[in-house]
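Chain by chain, the residues run as shown.
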Amino acid sequence: PALSTIPRPPGSAARNRAAPRAAQRSAAMKSSCAALLCILGALATAAGDEAVSNPLSKVLDLMSDLAAKVTKEGEAEAKAYKEYFDWCDDVSKNTNFAIETATAQKEKLEAKIAELTSSSEVCTSKIEDLAAAISQAETELKNATLIREKE
């Protein structure tokens, strides 16, 4: 197969550039959210039972929801990056196989061309020999015809 016919996954151009950065950002957001949740959790436990109806508890709930969302998105990005990485490996292997196959085919075809060129030269030589033999036979025929006519 030609190299220009390599399939591209949908949205690969954007993921190609953004996948490693997104994974780094996701990891940074996870660690900062985890630290913030620890601090807020400590504050919530210090507040005791009053935190249940306190606006601070709502903030903590929102923060825990956000942390879960960030974690989920990070896992989705990691999965997408792994799929893209696997796709790249597959395409690389297929391309290398195609190159090896084309190289082997090229060598076979070059050998066949050399063989046919040699055969063509042999045939040309035979044609020249036969043309010379025909010319000689025609000359002998003319000479024999002239000798018969003289007799």
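See the structure printed just above.
Since the model is a prediction, treat every value here as computed from it, not as a measurement.

What counts, and at which threshold
Residues numbered from 1 in each chain as written. Predicted model: local features only at pLDDT ≥ 70, side-chain atom pairs only at ≥ 80, totals over all residues. Heavy atoms only, no water. Helix = DSSP H or I, 4+ residues; strand = E, 2+ residues; numbered from the N terminus. Buried < 20%, exposed > 50% of the residue type's maximum accessible area, 1.4 Å probe, protein only. Contact = heavy atoms within 4.5 Å. Salt bridge = Lys/Arg side-chain N within 4 Å of Asp/Glu carboxyl O. Expected span 1.5 Å × (residues − 1).

Let's talk about the overall build of the chain
- Of the regular secondary structure elements, the chain holds two helices and zero strands.
- Relative to its full complement of 151 residues, the chain shows a buried share of 13%.
- A sequence separation of at least 24 residues applies to 79% of the contacts in the chain between residues at least 6 apart.

Quick look at the pattern of salt bridges
- Evaluation of the coordinates by the stated rule reveals two salt bridges.
- Its salt-bridge partner being D86, residue K82 comes within 3.0 Å of it at the nearest N-O pair. Note that K82 and D86 are positioned in helix α2 (residues 55-150) at a spacing of four residues, about one turn of the helix.
- On the accessibility criterion, K82 (51% relative accessible area) is exposed.

Focus: α2
- Over its 96 residues, α2 extends 138 Å from the first C-alpha to the last, a length consistent with the 142 Å expected when each residue adds 1.5 Å.
- Along α2, the positions that sit buried rather than exposed are S57, L60, M63, A67, V70, G74, Y84, V91, T95 and A98.

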